[in-house]
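# A look at the structure
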Amino acid sequence: MDNPTSAGTIALLSLLTTKWGTVKLVLRRISTFFVTILFCFIFFELIPSHWIAFGLVIACLVGYSEKMKCQNTLSVNAMIAVHYLSYLDFSFHFMMNEFYLILIGAIIAFLLNLVHDYSGEEEYLNSCMIYMEDKIQSLMYLIVHYIQSEERNTTIWKELEDIKEQAEKYIHIAMEYQDNTFTNLPDYYIRYFEMRALQCDILHMLHYKIRKIREMPKEAHELANYIEYLIPFIHEKK
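Just so you know, these numbers come straight off a predicted model, no measurement behind them.

The rules behind each value
- Residues numbered from 1 in each chain as written.
- Predicted model: local features only at pLDDT ≥ 70, side-chain atom pairs only at ≥ 80, totals over all residues.
- Heavy atoms only, no water.
- Helix = DSSP H or I, 4+ residues; strand = E, 2+ residues; numbered from the N terminus.
- Salt bridge = Lys/Arg side-chain N within 4 Å of Asp/Glu carboxyl O.
- Buried < 20%, exposed > 50% of the residue type's maximum accessible area, 1.4 Å probe, protein only.
- Patch = residues over 30% accessible without salt bridge, like charges linked within 9 Å, V, L, I, M, F, W, Y side chains within 5 Å.
- Areas by Shrake-Rupley, 256 points an atom, 1.4 Å probe, with all protein chains shown as cover.
- pLDDT = per-residue confidence, 0-100.

Time to look at the environment of phenylalanine 94. Following the sequence through the fold, phenylalanine 94 ends up in helix α5 (residues 92–114). Between the alpha carbons of phenylalanine 94 and histidine 83 there is a distance of 9.7 Å; along the sequence they are 11 residues apart.

So this is what it looks like as structure tokens:
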């Protein structure tokens, strides 16, 4: 095999922080490989100056990558074009050699990402779930106390905003975890934190409406009792 060290370079360029991200990039590399071969064959065969042909190949690859939104494949495709510039070999054997380089590099990248242990991320997300549940419970207690005592508690607004921001942060972490797992329910954590963010919005709206009431009616205490009844059910049971 010619240029065997290129397989290691391709592996490093294909190695991403997520497993699914690596898989998607590998598939893009393979699909754009044939486009690169086509550009090389056309320009190197038709234009006498090999350097001008190489420049046109790179220009077309950049334009194609921008059009198809696959800019992350450009580095490897440019390396393939350099190989064609160096050898000027357009045989089927040489094309398959370049294809094997991409395939070997992609397999190495996938295997390296596959053996990485992401159990720590799951433990962290579980701790985030407990944190969210405890904070939402404390907020609900504050709302119950507000209804029953009619005290103006302005900290609830700030608490709600902080919890909502935390939920959105955890959603992004859960998305990254989803890209690193092949389990049957990879979106469990995403849906969970989206639910908590929605609950924060509901509590925010509830508190906003309650603040408009100058004197609590007797029915408000029934609402407080109902909210207090719901508090123990906040904790998730997986």
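For the structure shown, the criterion picks out 6 salt bridges. In this structure, lysine 164 and glutamate 168 form a salt bridge, with 3.9 Å as the shortest nitrogen-oxygen distance. Residue lysine 164 and its partner glutamate 168 are both found in helix α7 (residues 155–178); the two are separated by 4 residues, about one turn of the helix. A salt bridge links aspartate 187 to arginine 191; its shortest N-O distance comes to 3.3 Å. Aspartate 187 sits in the partly exposed class, given a relative accessible area of 29%.

What follows is about a nonpolar patch on the surface. Taken together, the side chains of Leu38, Phe41, Ile42 and Leu46 define a hydrophobic patch exposed on the protein surface, amounting to about 400 Å² of accessible area. Within the secondary structure, leucine 46 sits in helix α2 (residues 19–46).

As a further point, take unusual backbone geometry. Positive phi, normally seen in glycine, also occurs at lysine 69, with a value near 55 degrees. Following the sequence through the fold, lysine 69 ends up in the loop between α3 (50–68) and α4 (74–87). One non-glycine residue with positive phi stands out, namely leucine 88, at about 50 degrees.

A word on the confidence of the model for the chain. For the chain, mean pLDDT is 80; residues scoring 70 or higher make up 83% of the total. Mean pLDDT across the elements of the chain bottoms out in helix α1 (residues 5–14) (63) and peaks in α3 (90).

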